[in-house]
Amino acid sequence: MKIAEVIVDVSAYPVDRPFDYSIPETMEELIECGCRVKVPFGNRDILGFVVAIKNETEVPPDKLKPISVLLDIEPVLTGEMLELAKWMKRETISYEIDCLQAMLPSALRAKYEKMVILETDVKNLEEPLQPFFQHATKVDYKEFEKDGLLIPLKKALKMHLLSIENVVKQKGKIKEVRKVKIAADQNLLQMIYEGLSNRAKKQKQLVLWMQKHVGEIMEPEVIHEETTCSPQVLQAVIELGAAEYIFEEVYRNPFKKDVEKTDFLTLTAEQETALKDILDAMDKGSPETFLLHGVTGSGKTEVYLQAIQHCIQQGKEAIVLVPEISLTPQITNRFRSRFGEQVAVMHSGLSVGEKYDEWRKVHQQKVKVVVGARSAVFAPFENVGLIILDEEHESSYKQEDSPRYHARDVAIWRGKFHQCPVILGSATPSLESYARARKNVYKLLTLKERALKQPLPSVEIVDMREELKKGNRSMFSEKLADSIRDRLKKKEQIVLFLNRRGYSSFVLCRDCGTVMQCENCDISLTYHRYNEKLKCHYCGYEQPVPTNCPECGSEHIRYFGTGTQKVEEELTKLFPEARVLRMDVDTTKRKGAHEAILEDFGAEKADILLGTQMIAKGLDFPNITLVGVLSADTSLHLPDFRAAERTFQLLTQVSGRAGRAEKPGEVIIQSYTPEHYAIQFAKEQQYEPFYKKEMMMRHEAAYPPYYYIALIQVSHEDVMMSAEYAKRCADYLRSSLSFDASIIGPTTAGIVRLQNRYRYQCLIKYKIEPNLIPTFLQLMKIYRTEWIKKGIVLTIDLNPTMI
Ligand SMILES: Nc1ncnc2c1ncn2[C@@H]1O[C@H](COP(=O)(O)OP(=O)(O)OP(=O)(O)O)[C@@H](O)[C@H]1O
Ligand SMILES: [Zn+2]
């Protein structure tokens, strides 16, 4: 008898290990490692992944249960992925099941119909399969199941004569998906909530959750995933009127337009040198990591493109990672215009079905290149020849939820597995990567000049304190206003960058100084003009703007700070002739909106592009000659040791949008702390001096890259419980770790109360600590077996990107 080791889908189980199940005879020829199955666990059937197949087990025969259902006859995960999950689980202290799930598109977690598609001439099929495809090219998988033809089907799949497609719902040529639209009326939801009896606990929970997502449209799978409610519970709540089903058309081709082919550019000498080293590593099959440090506009992308070309010529595949925020059509089109149909794109803007389609192209080896955000690092290619992380310094490469992996680490692991090089590219590398490059752990490649030899833009810093003294209370300094006027006259384009969102950052009572706060979090609420409400950006809580101060009753309520909407208003007042496009979370909510705004700006349908972080990266428009940074300081004063680094990176990146073609660029940075070194070095646009200064600061404070850090966070609804268990946690760490590791805390977290939970944390700094992982695993075990029952939530984040 054959035995399967199965990782089961219960991530709250104290022991994280595979369980043995017997393989029923009917499945023996069909089952493989990487297939999903249903297995009995406790008193129900749950999902699991087969991670190994063996002949023996220590489980006594009367305890051994058989696999109930085989979900895939083609494995969804490769052997590489199963191995990677084992590594990730230890590296990030998470459940193996969470690692495995993170590698798959969410469509595989949803309900779908499986169809078998004919990929060849019917005659090439084995005889028993032929009748199915005499009159159809698409046949329901269930037919084969019913007729016991899974074995020949599997064979045909292996030979790529057939393929399997998962379909959400089909009607004619258009694919429709069913979505859930949550009621837009907060009061209605509240009434439904209050009307539910306390015994309907799950339904109450769901309605409570819906109150934070008023009016939103979501896929039911997303709701199930986020709330763990069953379809029955959702159905019941929909019947009560808290939400309704709507149908949306889904165009399964995520590319709206075809792109024209572009040719390879003749490389500059610097690009040539960099490329040569990369190609050498590819030819030698050497898993080297390169850090491609190139100033903005130096043509890093062209180097990637030519390296990918070489990779394809070698018959291998390439993975390109881009931060979600800059995964714009501009970027993806540059890859599509070179490699056409050989490119798949993966990002969060796609629907569940589209994501799945793209993933399947990769899984079935129909494409050679994947361009995507963080999770595309798991693209199931089997013959990877090159992995690229563009803008490698971006914090979005680190996943903030379990499994807390960094795409850079996963990329390097895969590079070793496939014996292929990894390129980390940036104009402003993270300190960690640059330090590694200086120690020759990574190989440093440098592009010092812009591709067309254009000079970097000139940068001027305006001291906003002086403006105030002069009596200028506007958001625009005289200098910036003059320059904007000048460009409008010359019909050149302007980018204005604001590191904020919403209309006003916060609302304050002028008499007593009370700032309107979220009910659930220790965070001030943000005013949103489009619905005239105050909103919490952390938990989604919303309330109307009070007419009187809740503390002192005063009517003197004032809006503070500047958001993009407010800037836009002032812009139209100052420059009524200017055509302004605003790009922030509010204007890009609708699918494709991002794309449309950039397209309009590219077609010069607007003079000014005003936006948040979204516009700092990747934009490559020749007519932009002025970049204005309205307030450089906002990211500088965050309580995080990377605040200066982030500010420097942001300012350098956004400055780099100016003067990329023939016309020279100008950058104006407004600041209330112009003397700060991050701002001064950004003015020089010199990475090296900034790096040296910042390394000194990190050295003094014993922070990365000199030390590693790990962050343990404990939270509970009761502040005393949270404090108590955080202390137990710190005590445990102190008793288990060596003297080389310093443990700071427990202290309260930056935001103490979030979503009604009080948060404490311990920070661990260490250089070499052999006991670290075993200690964490042990701590996790204590948590999972005991503390979790008391309502404690404990998370461990190794190398956190934000603290
Ligand atoms: N060898 C070359 N010859 C001519 N033009 C080039 C060459 N290399 C790049 N370019 C052009 O220079 C511009 C900047 O290149 P690219 O966007 O690749 O730079 P980058 O380093 O990725 O920039 P950033 O980091 O600012 O996004 C692009 O318009 C690109 O087409
Ligand atoms: Zn909140």
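Residues numbered from 1 in each chain as written. Chains lettered and ligands numbered in written order. Predicted model: local features only at pLDDT ≥ 70, side-chain atom pairs only at ≥ 80, totals over all residues. Heavy atoms only, no water.

### Here we look at the site of ligand 1
Piece 1. Residues in close proximity to ligand 1 total 19 residues, the closest being Thr-266, Gln-271, Lys-300, Asp-620 and Arg-660.
Piece 2. One of the backbone N or O atoms of Gly-299 is found 3.0 Å from an oxygen atom in ligand 1.
Piece 3. One of the side-chain N or O atoms of Arg-334 is found 2.9 Å from an oxygen atom in ligand 1.
Piece 4. Protein coverage of the free-state accessible area of ligand 1, which is 630 Å², stands at 85%.
Piece 5. The element best represented in the shell around ligand 1 is helix H10 (residues 300–313), accounting for three residues.
Piece 6. Here the shell around ligand 1 is composed, by residue class, of five nonpolar, eight polar and six charged. (Near = heavy atom within 4 Å. Polar contact = N/O pair within 3.5 Å; in protein donor to acceptor, adjacent residues only side chain to side chain. Areas by Shrake-Rupley, 256 points an atom, 1.4 Å probe, with all protein chains shown as cover. Helix = DSSP H or I, 4+ residues; strand = E, 2+ residues; numbered from the N terminus. Nonpolar A, V, L, I, M, F, W, Y, C, P; charged D, E, K, R; others polar.)

### Description of the layout of surface pockets
Unoccupied space between atoms shows up once a probe the size of one water molecule is rolled over them.
Piece 1. Of the voids in this model, the second largest pocket is the one considered here, and its volume is about 1,400 Å³.
Piece 2. Looking at the second largest pocket, it is lined by 50 residues, and the ones nearest its centre are Asp-409, Glu-432, Arg-436, Tyr-708 and Asn-799.
Piece 3. A per-element tally of the lining of the second largest pocket places helix H13 (residues 407–418) first, with seven residues.
Piece 4. For the lining of the second largest pocket, the per-class residue count stands at 25 nonpolar, nine polar and 16 charged. (1 Å grid on protein atoms, 1.4 Å probe; cavity = no way out; pocket = protein on both sides within 12 Å on 5 of 7 lines; lining within 4 Å. Points joined across faces, edges and corners; volume = space filled by probe spheres on them.)

### Examining the confidence of the model for the protein chain
Piece 1. Model confidence for the protein chain is summarised by a mean pLDDT of 87, while 94% of its residues fall at 70 or above.
Piece 2. Per-residue pLDDT, averaged within each element of the protein chain, yields its smallest value for strand E9 (residues 170–171) (36) and its largest for H13 (98).
Piece 3. When the criterion is pLDDT under 50, residues 169–174 qualifies, and its contacts beyond four places in sequence or with other chains add up to seven contacts.
Piece 4. Taken over the whole predicted complex, pTM reads 0.82, whereas the ipTM for its chain interfaces reads 0.96. (pLDDT = per-residue confidence, 0-100. Contact = heavy atoms within 4.5 Å.)

### Concerning the pattern of salt bridges
Piece 1. The tally for this structure, following the rule as stated, stands at 40 salt bridges.
Piece 2. Linking Lys-146 and Glu-143 is a salt bridge whose minimum nitrogen-to-oxygen distance equals 3.6 Å. Highlighted residues: Lys-146 and Glu-143, both in helix H3 (residues 141–146), separated by three residues, approximately one helical turn.
Piece 3. Relative accessible area serves as the criterion here: at 62%, Lys-146 is assigned to the exposed category.
Piece 4. What makes Glu-143 partly exposed here is its relative accessible area of 32%.
Piece 5. Members of the salt-bridge network, linked through shared partners, are Glu-460, Lys-479, Asp-486, Arg-487, Lys-490 and Glu-666. (Salt bridge = Lys/Arg side-chain N within 4 Å of Asp/Glu carboxyl O. Buried < 20%, exposed > 50% of the residue type's maximum accessible area, 1.4 Å probe, protein only.)

### Observations regarding helix H23 (residues 772–785)
Piece 1. The end-to-end C-alpha distance of H23 is 20 Å, a good match for the 20 Å that 14 residues give at a rise of 1.5 Å each.
Piece 2. Within the span of H23, buried status applies to Leu-772, Ile-773, Thr-775, Phe-776, Leu-779, Met-780, Ile-782, Tyr-783 and Arg-784.
Piece 3. Elements in contact with the buried residues of H23: helix H1 (79–92), strand E31 (708–716), helix H22 (719–736), strand E33 (757–766) and strand E34 (793–798). (Expected span 1.5 Å × (residues − 1).)

### Focus: the nonpolar core
Piece 1. Counting 90 residues, the largest nonpolar core has Leu-77, Phe-378 and Leu-609 as its most contacted members.
Piece 2. Those residues within four positions of Phe-378 in sequence are excluded, and the remaining contacts are Met-81, Leu-84, Met-88, Ala-102, Met-103, Tyr-405, Val-410 and Arg-414.
Piece 3. Residues Cys-35, Phe-133, Val-139 and Leu-157 belong to the second largest nonpolar core, which totals 37 residues. (Core = buried A, V, L, I, M, F, W, Y, C linked by side-chain atoms within 4.5 Å.)

### Quick look at the sheet that holds strand E3 (residues 36–41)
Piece 1. Read across the sheet, five strands follow the order E2-E1-E4-E3-E5 without closing on themselves; strand pairing throughout is antiparallel. Of all the strands in the sheet, just strand E2 (19–22) and strand E5 (69–70) have a single pairing partner and so form its edges.
Piece 2. Of the strand pairs in this sheet, strand E1 (residues 3–8) and E2 are connected by four bridges, and their pairing is antiparallel. What sits directly across from Glu-5, in E2, is Asp-20. (Pairing = 2+ DSSP bridges.)

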